[in-house]
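Structural features, examined
Residue strings, one per chain:
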Amino acid sequence: MDLLEGLNPQQRQAVTCAEGPALVLAGPGSGKTRVLTHRVAYLVREVGVRAGNILAVTFTNKAAREMKARLSHLLGAECEALTIGTFHATCARILRREGTLLGFAPSYTIYDDDDQQAVIKRILKEMNLDDKAYRPGAVLSVISKAKNDLIGPDEFVPKSYREGVIARIYLRYQQALKESNAMDFDDLLTNTVALWQEFPDVLERYRSRYRYVLVDEFQDTNAAQYVLLKQLAAQHRNLFVVADEDQSIYSWRGADFRNIQRFREDFPEAPTILLEQNYRSTQTILDAANAVISRNTRRTPKRLVTERDRGTPLVVHEAYDEQEEGQYVVREIQRLVGEEGFRPGDCAVMYRTNAQSRAVEEAFVRAGMRYKLVGATRFYQRREIKDALAYLRIVYNPADSASLSRVINVPPRGLGPQTAEALFAWAGEQGISVWEALHRLRQAEQGDEPMAHPLSARAVKPLLAFLAQWESLVEESKSLDVASILQLVLERTDYQAYLNDGTEEGRDRWDNVMELLNVASQYASMENSLGVFLQEVSLVADVDELGDQPDTPVLLTLHMAKGLEFPVVFIIGLEEGILPHSRSSGSPEELEEERRLFYVGMTRAKDHLYLVHAFRRASYGRSAPSQKSRFLRDIPHHLTGGERRTWPTRPSAALRVEPVAAPKPREDARPAPPSAPTFAPGDRVVHPKFGVGTVVESRIVSDDEQVTVAFPSNGTKKLLARLAKLEKVR
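Nothing here was measured: the structure is a model prediction, and the numbers come from that model.

Section: the overall build of the protein
Broken down by element type, the protein carries 27 helices and 22 strands. Taken against the 2.2 N^0.38 rule, which gives 27 Å for 730 residues, the C-alpha radius of gyration of the protein at 28 Å falls within 12% of a compact globule. For the protein, the spread of C-alpha atoms along the principal axes amounts to about 95 × 65 × 65 Å. Considering only contacts in the protein between residues 6 or more positions apart, those separated by 24 or more positions represent 74%. Total accessible area computed for the protein in this model is approximately 32700 Å², and 49% of it derives from carbon and sulfur atoms. For the protein, the distance from the average position of its 94 positive side-chain charges to the average position of its 99 negative side-chain charges is 4 Å.

Considering the sheet that holds strand β13 (residues 566-571)
Reading across from one edge, β11-β12-β10-β13-β14-β9-β17 is the order of the 7 strands in this open sheet, with parallel pairing throughout. The sheet is open, and its two borders are formed by β11 (372-373) and β17 (643-645), each paired with just one other strand. Pairing of β11 with strand β12 (residues 554-557) involves 2 bridges; the strand directions are parallel. In the strand pairing of β12, Lys372 is matched with Val554. Sitting on the sheet, helix α14 (residues 357-366) touches β10 (347-351), β11 and β12, and the angle it makes with β12 is about 175°.

Looking at the pattern of salt bridges
Per the counting criterion, the structure on display carries 51 salt bridges. The residue Lys125 makes a salt bridge to Glu421 at a minimum N-O spacing of 3.5 Å. One end of the pair, Lys125, is in helix α5 (residues 113-126); the other, Glu421, is in helix α17 (residues 417-430), and 296 residues separate them in sequence. For Glu421, a relative accessible area of 41% translates into the label partly exposed. Residues Arg630 and Glu576 are paired through a salt bridge, measuring 2.5 Å at the closest nitrogen-oxygen approach. Of this pair, Arg630 sits in helix α26 (residues 630-633) while Glu576 sits in the loop between β13 and α25 (588-602), and the two are 54 residues apart along the sequence. Among the charged side chains, a network of salt bridges with common partners joins Lys32, Asp216, Glu217, Asp220 and Lys562.

Digging into the domain arrangement of the protein
According to the domain assignment, the protein contains domain 1 (9-100 + 188-279), domain 2 (110-180), domain 3 (305-377 + 546-641), domain 4 (379-539) and domain 5 (683-728). Between domain 1 and domain 3, the C-alpha centre-to-centre distance is 32 Å. The partner domain 3 presents 14 residues to the 17 residues of domain 1 that form the contact. In total, domain 1 and domain 3 occlude about 1400 Å² of area from one another, counting both sides; carbon and sulfur atoms represent 51% of this. Broken down residue by residue, the surface that domain 1 buries against domain 3 is led by Pro28, Asp246 and Ile249, which jointly contribute 35%. At the boundary of domain 1 with domain 3, the tally comes to 2 salt bridges. Between Glu217 and Lys562 there is a salt bridge, with its nearest N and O atoms 3.5 Å apart. Counting across the interface, domain 1 meets domain 3 through 13 residue pairs in polar contact (both at pLDDT 80 or more). Its residues assigned to classes, the side of domain 1 that touches domain 3 comprises 5 nonpolar, 6 polar and 6 charged.

Section: the packing of aromatic side chains
Taken as a whole and judged by the stated rule, the model has 15 aromatic pairs. Ring plane angle 70° and centroid distance 5.8 Å describe the contact between Phe218 and Phe263, whose orientation is recorded as edge-to-face. Of the two residues, Phe218 is situated in the loop between β6 (212-215) and α10 (223-233) and Phe263 in helix α11 (residues 259-266); the sequence distance between them amounts to 45 residues. Taking the relative accessible area as the measure of exposure, Phe263 reaches 0% and is therefore buried. An aromatic cluster is built from Phe218, Tyr226, Phe263 and Phe267, whose rings are joined through pairwise contacts. Sitting above the plane of the Tyr108 ring, Arg96 keeps its charged end 3.9 Å from the centroid. The residue whose ring lies beneath Lys178 is Phe104, and the NZ or CZ to ring-centre distance is 5.1 Å.

Looking at the nonpolar core
Of all hydrophobic cores here, the largest spans 56 residues; its most connected members are Leu389, Leu392, Ile408, Trp470 and Phe533. The element that contributes the greatest number of residues to this core is helix α15 (residues 383-396), accounting for 9 residues. Here Phe533 is in contact with Leu389, Leu392, Val482, Leu516, Val519, Ala520 and Tyr523, once residues within four sequence places are set aside. If you look at the next biggest cluster of nonpolar residues, it comprises 40 residues, including Ala288, Leu314, Val554 and Leu609.

Focus on the pairing of strand β7 (residues 239-243)
Moving residue by residue along a regular strand, the side chains alternate between the two faces of the sheet. Taking burial as the measure, the 5 residues of β7 include 5 buried ones, the bulk of the element. The side-chain alternation of β7 yields two buried faces, one formed by Leu239, Val241 and Ala243 and the other by Phe240 and Val242. Bridge count for strand β1 (residues 22-26) against β7 is 4 bridges, and the pairing is parallel. Among the inter-strand pairings, Leu25 is bridged to a residue of β7, identified as Ala243. Considered for its hand, the β-α-β crossover made up of β6, α10 and β7 is right-handed.

Section: the sheet that holds strand β8 (residues 272-275)
Within the open sheet, the 6 strands sit side by side as β3-β2-β6-β7-β1-β8. Their pairing is parallel. Each edge of the open sheet carries a strand with a single partner, namely β3 (83-86) and β8. Neighbouring strand axes in the sheet, compared pairwise and without regard to direction, differ in orientation by 15° on average. Packed on one face of the sheet, helix α1 (residues 9-16) meets β1, β7 and β8 and runs near 140° to β8. Helix α4 (residues 87-98) contacts β2 (54-58), β3 and β6 of the sheet and is inclined by roughly 115° relative to β3.

Remarks on the packing of helix α2 (residues 32-47) against helix α3 (residues 61-75)
As a packed pair, α2 and α3 sit with axes 10 Å apart at the nearest point and diverge in direction by 40°. Considered as vectors, α2 and α3 are oriented oblique to each other. Considering how the two elements wind past one another, α2 and α3 form a crossing that is right-handed. Together, Thr33, Arg34, Leu36, Thr37, His38, Val40, Ala41, Val44 and Arg45 of α2 and Glu66, Met67, Arg70, Leu71, Leu74 and Leu75 of α3 make up the contact between the two elements. By residue class, the composition of the contact of α2 with α3 is 8 nonpolar, 3 polar and 4 charged.

Thoughts on helix α8 (residues 185-198)
Compared with the 20 Å implied by 1.5 Å per residue over 14 residues, the 20 Å span of α8 between its first and last C-alpha is a close match. Within α8, 11 of the 14 residues are buried, leaving the element largely enclosed by the surrounding structure.

Looking at helix α23 (residues 529-538)
In terms of burial, α23 is largely enclosed, as 8 of its 10 residues are buried. Among the residues of α23, Ser529, Leu530, Gly531, Phe533, Leu534, Gln535, Val537 and Ser538 are the ones counted as buried.

A short note on the environment of Ser582
Tracing the backbone through its elements, the reader meets Ser582 in the loop between β13 and α25. Ser582 sits in the partly exposed class, given a relative accessible area of 45%. Distance from Ser582 to Val537, taken between C-alpha atoms, is 35 Å for residues 45 residues apart in sequence.

Some words on the side chain of Arg352
Tracing the sequence through the fold places Arg352 in the loop between β10 and α14. Look at Arg352 and you get buried, because its relative accessible area is 12%. Reaching out from Arg352, the side chain makes a polar contact with the side chain of Glu594 at a distance of 2.9 Å. Contacts of Arg352, omitting those with residues within four sequence positions, involve Leu558, His559, Ile578, Leu579, His581, Arg583, Glu594 and Leu597.

Some details on the packing of α1 against α2
At a minimum axis distance of 8 Å, the contact between α1 and α2 shows a crossing angle of 40°. Classified by the angle between their axes, α1 and α2 sit oblique to one another. Note that α1 runs across α2; the crossing there is right-handed. Of the residues in α2, those touching α1 at Gln11, Ala14, Val15 and Thr16 are Val35, His38, Arg39 and Tyr42.

Quick notes on the rules
- Residues numbered from 1 in each chain as written.
- Predicted model: local features only at pLDDT ≥ 70, side-chain atom pairs only at ≥ 80, totals over all residues.
- Heavy atoms only, no water.
- Helix = DSSP H or I, 4+ residues; strand = E, 2+ residues; numbered from the N terminus.
- Rg over C-alpha atoms; globule rule 2.2 N^0.38 Å.
- Contact = heavy atoms within 4.5 Å.
- Areas by Shrake-Rupley, 256 points an atom, 1.4 Å probe, with all protein chains shown as cover.
- Lys, Arg positive; Asp, Glu negative; His and termini not counted.
- Charge placed at Lys NZ, Arg CZ, Asp CG, Glu CD.
- Pairing = 2+ DSSP bridges.
- Axes fitted to C-alpha atoms, helices over the stretch in contact; angles between N-to-C directions.
- Salt bridge = Lys/Arg side-chain N within 4 Å of Asp/Glu carboxyl O.
- Buried < 20%, exposed > 50% of the residue type's maximum accessible area, 1.4 Å probe, protein only.
- Domains from an automatic or database assignment.
- Buried area = accessible area lost by both parts, 1.4 Å probe.
- Polar contact = N/O pair within 3.5 Å; in protein donor to acceptor, adjacent residues only side chain to side chain.
- Nonpolar A, V, L, I, M, F, W, Y, C, P; charged D, E, K, R; others polar.
- Phe/Tyr/Trp six-rings, centres within 6.5 Å; stacked < 30°, edge-to-face > 60°.
- Lys NZ or Arg CZ within 6 Å of the ring centre and 35° of its normal.
- Core = buried A, V, L, I, M, F, W, Y, C linked by side-chain atoms within 4.5 Å.
- Right-handed = clockwise from strand over helix to strand, strands pointing away.
- Parallel < 35°, antiparallel > 145°, perpendicular 65-115°, else oblique.
- Left-handed = near helix turned anticlockwise from the far one by under 90°.
- Expected span 1.5 Å × (residues − 1).

Right under this line is the structure:
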């Protein structure tokens with residue numbers, strides 16, 4: 001097999017580049033997965049690298065599965081020796097083997113969002129803190145950001161009284177995780193960094209094993225992930241990264257596309273290879289996307305080209321409101337299916353926020369059309385599935401207090417919240433797990449010398465009965481596969497009778513549990529099937545669940561759309577305050593990310609791209625006129641053929657608009673940029689949110705004025721004058 005056959009010159013350069021680091025900047029649809037897989041195969045087949053010496057890191061399980069499938073075709077049995085997986089899955093495997101050095105048993109549990117929130121809520125009660133003042137989600141967000149930046153509880157420096165309290169919560173949170181033999185997702189990364197820092201011999205072992213490291217979606221790495229890669233590749237320097245600054249849309253979860261610049265500084269010998277030939281979209285779609293993204297300043301210039309024809313113009317459509325917007329989308333999908341031969345599943349509807357799906361969903365329901373909502377209540381997030389998994393977790397890891405707190409009274413066994421709270425508090429005071437605390441309780445009840453404990457006599461009996469059931473499950477699980485263990489749990493707890501209450505919802509929930517049993521059966525033949533199953537389930541993501549769905553249109557957020565492609569794409573809600581989001585107002589960096597998000601959505605489309613906005617939209621219970629997104633003004637008029645509108649002009653003067661077919665001169669033209677800054681260093685200004693501040697710097701950026709202002713109570717902010725509503729203080 002000729003590994004270079006069918007590759008374009010830039011792809012060949014990337015696949016065959018010499019040993020050492022390399023930076024591949026790959027535009028959307030440019031065949032980066034093919035480059036990555038052929039690079040791996042080239043190293044094995046042509047360079048003679050042992051497959052076991054190669055580590056390929058992806059960001060989703062879906063991407064990892066796709067890479068494995070392609071490499072299985074290219075390499076056959078040799079593919080089995082490769083290590084391919086997400087950052088978190090790779091670190092989880094390393095910590096299963098090496099975690100004892102950090103004080104974790106190999107059976108540690110990976111806590112998901114709900115587990116983390118349960119721990120934080122318990123800590124807030126311990127510390128007598130109001131969970132409304134210190135909302136668990138907000139606290140965890142601060143902790144997660146610190147971990148992404150490799151700032152542990154001892155290094156966390158609070159900048160306010162509130163952060164001082166969160167610092168104490170952070171410290172107790174890490175202690176609670178350790179007591180439960182558990183880690184959260186961020187810990188998988190930070191603990192691997194710590195492992196390699198504290199035990200150089202362990203790092204050397206992994207350096208010797210993984211002499212070639214390849215990374216997909218490098219622009220989405222955070223500080224911890226970049227440090228991991230640097231640690232691993234510092235000696236052999238065979239670090240091959242594929243990235244695209246223009247598709248960096250996850251800063252809110254710690255991603256930092258500036259790692260691309262850090263890579264250039266840390267690996268100056270690395271060549272930069274541009275992949276600009278697109279194999280997905282028509283040239284019209286690409287030209288529109290290029291016009292939008294070229295407005296951003298912090299990027300490597302690229303121009304996407306394709307050998308496909310120009311295709312049809314983009315459709316820019318104005319709906320009257322969100323209801324008419326949804327109806328238009330559904331009608332157009334029906335037309336495309338009925339008249340142009342598309343399948344329903346060829347179509348995707350994308351939006352900035354989850355709340356926007358409601359009106360579209362209603363339109364589908366009214367039209368009697370099925371649809372798939374990605375990011376709705378996911379299978380593994382459903383109550384009954386989380387209950388079943390919690391039981392499996394406490395069987396696998398009896399120290400897992402978060403999972404125990406979920407099922408200690410599910411199905412109900414006479415153990416109310418106060419009993420559970422007292423039990424957990426008693427265990428925490430002794431510095432032991434609840435599993436150990438229950439054993440001490442039994443010893444106290446059976447022994448001659450009573451032990452002081454806070455539990456009522458009425459609570460002791462059901463607690464000890466639960467312990468006996470739990471112990472039995474733990475013991476019997478040692479000789480069973482995961483599917484048999486799950487069946488045993490369901491039988492012993494009589495979970496079906498609890499769940500299937502005779503209602504349609506109850507039957508659906510039990511069907512979901514049976515589907516979980518189907519999934520578990522796929523792991524039955526594996527060694528340590530329970531541990532492997534729980535780890536895989538913990539690492540499942542929304543897009544991974546898309547799978548082979550029925551042939552129906554897909555509804556999803558723009559963030560979810562990354563890495564996907566569809567023949568027909570509708571992007572709705574293209575209005576100021578939605579896309580770009582109101583939160584980006586006044587921040588050049590956030591505005592550029594909003595533009596990248598729109599670019600990502602545009603480049604998901606293969607054949608047809610619809611850009612839809614509404615004349616008016618309801619927000620917080622009130623309907624008001626909208627202003628169409630500035631991003632639409634970036635698209636040259638000849639690529640759209642004008643704007644369409646299907647709703648008639650309403651009679652009310654308050655609702656009248658100019659006919660779209662006859663636009664005023666320069667209606668879509670971008671306002672002329674200011675010729676000189678309006679603000680000067682030293683000017684005193686007032687901002688509606690940040691208050692009074694002093695201008696530090698002001699300069700013209702693109703078509704606006706960027707003003708750097710120091711606010712005494714809010715720090716230094718970079719603001720765009722047109723959006724920030726700054727006023728000079730006379």
